[in-house]
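Residue-level structure breakdown
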Amino acid sequence: MAEVGAGLHKALQNGAIPQATIHLLQLRAGQLLGSTYFTVRETGNLRGIGESEERITAVATWRDATFFTDPERVALELVEAVLTPNPSGERVPDELYARASAHYDDRAMWSLIMAIAHIGFFTPAALIAKPIPGMPPGQNYSA
C-alpha cells in the first residue's frame, strides 16, 4: 500500500498544477468524506504553503466565496462531482470535463485526476482505521 501511495504522491509533485489547487481539492474531498484526518492534514498543508485563513475556511462554501480562481473552482467542482452520488446518472458530465479542459492541459488534467485518486486510495484507511491528525506516518493510527 505504501508503494502505491508514494507513487501517487510523487505524481502530484510534477508541477502541472499548483500545489495550492491540489490541497484545496483534497481539503474539499476530506470535508465531503467527513474525514477529520484529511481536513486537518490539508488545512495544515495549505497553511504551510502560505494560504490565507479566508481561503482555507471558504473551501466549504467555495461556490459562494470570491477567494478562488476559475481553475480552482473547476477543480473543486470536479472533486465534488466525483465524490457525490448523482441519482440521475453520470457524476462527471462531458460539460464539466470540457470546462476543466479549458483551464488544464492534458498533463494537468491527469494531475487533477491523480489528486482525486490519491484521496480515493486512502479513503478506506482514513474512514476505517481513523488516523490521528498530527501524528507522524506509521504512528498515526489508533487501531
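For the structure, see preceding data.
Residues numbered from 1 in each chain as written. Predicted model: local features only at pLDDT ≥ 70, side-chain atom pairs only at ≥ 80, totals over all residues. Heavy atoms only, no water.

**As for the nonpolar core**
Heads up, the condition is: To form a nonpolar core, buried Ala, Val, Leu, Ile, Met, Phe, Trp, Tyr and Cys residues must be joined to one another through side-chain atoms within 4.5 Å. Exposure categories follow from relative accessible area, calculated using a 1.4 Å probe and restricted to protein chains: below 20% of the type maximum is buried, above 50% is exposed, and the middle band is partly exposed. A helix here means a DSSP run of H or I that spans at least four residues, while a strand means a run of E at least two residues long, and both kinds are numbered starting from the N terminus. Should any heavy atoms of two residues lie within 4.5 Å, those residues are counted as being in contact.
If you look at the biggest cluster of nonpolar residues, it comprises 20 residues, and the most contacted ones within it are Ile-17, Leu-25, Tyr-104 and Leu-112. Of all elements in the fold, only helix H2 (19–33), helix H3 (36–48), helix H5 (70–83), helix H6 (94–103) and helix H7 (106–129) reach the threshold of two or more residues within this core. It is H7 that contributes the most residues to this core, six residues altogether. If we skip the residues at most four places from it in the chain, Ile-17 touches Ile-22, Tyr-104, Ala-108, Ser-111 and Leu-112.

**Some remarks on H5**
What counts here: Expected helix span is computed as 1.5 Å times (number of residues minus one).
Its 14 residues place the ends of H5 20 Å apart at the C-alpha level, agreeing with the 20 Å of an ideal helix rising 1.5 Å per residue. Counted residue by residue, H5 has ten buried out of 14 residues, so it is predominantly covered.

**What about the pattern of salt bridges?**
Any two side chains of opposite charge can pair, on the condition that their charged atoms come close. Under the convention used in this document: For this document, the term salt bridge refers to a Lys or Arg side-chain nitrogen within 4 Å of an Asp or Glu carboxyl oxygen.
One pass over the structure, following the stated rule, counts eight salt bridges. Note that Glu-95 is salt-bridged to Arg-99, the shortest N-O span being 2.4 Å. Highlighted residues: Glu-95 and Arg-99, both in helix H6, separated by four residues, approximately one helical turn. Judged by its relative accessible area of 46%, Glu-95 falls in the partly exposed class. For Arg-99, a relative accessible area of 31% puts it in the partly exposed group.

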